[in-house]
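Notes for the structure review
Below are the chains, spelled out letter by letter.
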Amino acid sequence: HHALRLDVGDQSTARLARVQAALLEAQRDACAAGERAAAAEAAARAADERAQRCDAATAAARAAAEKRATAVAREASRLVEAARITEAALATERAARAAEAEESRVVAAERDELE
């Protein structure tokens, strides 16, 4: 009878040891899972920061390109205006030459009539 109780006690101790070992293993697994989750969260944060930096760089590049395009358009407009003014000046000069030539022709014709 005493030996039976000892055997039951040994079995209970062995069962308790197995439960404790399983609990310890579960704690280790939970700890490892927590570490993996923390690493994944850190990686996600880093990726988000990279994405934000990329967005900021894209916005800065877009703003610079728009500024440059505005400057180019303004310069093109200035050149077109300068070309228009130059063309008008050339047309005025041609008209003045034509008027001078006409005046010379008229003077020569009057001189021929007087002779």
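The coordinates are above.
Now for a look at the structure at hand.

Criteria and cut-off values
Residues numbered from 1 in each chain as written. Predicted model: local features only at pLDDT ≥ 70, side-chain atom pairs only at ≥ 80, totals over all residues. Heavy atoms only, no water. Helix = DSSP H or I, 4+ residues; strand = E, 2+ residues; numbered from the N terminus. Rg over C-alpha atoms; globule rule 2.2 N^0.38 Å. Areas by Shrake-Rupley, 256 points an atom, 1.4 Å probe, with all protein chains shown as cover. Patch = residues over 30% accessible without salt bridge, like charges linked within 9 Å, V, L, I, M, F, W, Y side chains within 5 Å. Salt bridge = Lys/Arg side-chain N within 4 Å of Asp/Glu carboxyl O. Lys, Arg positive; Asp, Glu negative; His and termini not counted. Charge placed at Lys NZ, Arg CZ, Asp CG, Glu CD. Buried < 20%, exposed > 50% of the residue type's maximum accessible area, 1.4 Å probe, protein only.

1. Focus on the overall build of the protein chain
Scanning the protein chain from terminus to terminus reveals one helix and zero strands. In terms of overall dimensions, the protein chain is more spread out than a globule: its C-alpha atoms have a radius of gyration of 49 Å, far above the 13 Å expected for 115 residues. Summed over all atoms, the accessible surface of the protein chain reaches about 9900 Å², with 61% contributed by carbon and sulfur.

2. A look at a negative patch on the surface
Taken together, the side chains of Glu-110, Asp-112, Glu-113 and Glu-115 define an acidic patch exposed on the protein surface. Checked against the element boundaries, Asp-112 lands in helix H1 (residues 2-114). You can call Asp-112 exposed: its relative accessible area is 51%.

3. Side note on the pattern of salt bridges
Here the structure, examined in full by the defined rule, presents six salt bridges. Put simply, Glu-81 and Arg-84 hold a salt bridge, and the shortest N to O gap is 2.7 Å. Of this pair, Glu-81 and Arg-84 both sit in helix H1, three residues apart, which is roughly one turn of that helix. Glu-102 is the partner of Arg-105 in a salt bridge, and the nearest nitrogen-oxygen pair spans 2.6 Å. Highlighted residues: Arg-105 and Glu-102, both in helix H1, separated by three residues, approximately one helical turn.

4. Quick look at the environment of Ala-32
Considering the arrangement of structural elements, one finds Ala-32 in helix H1. According to the relative accessible area criterion, Ala-32 is partly exposed, its value standing at 27%. Taking the C-alpha atoms as reference, Ala-32 lies 38 Å from Thr-58; in sequence the two are 26 residues apart.

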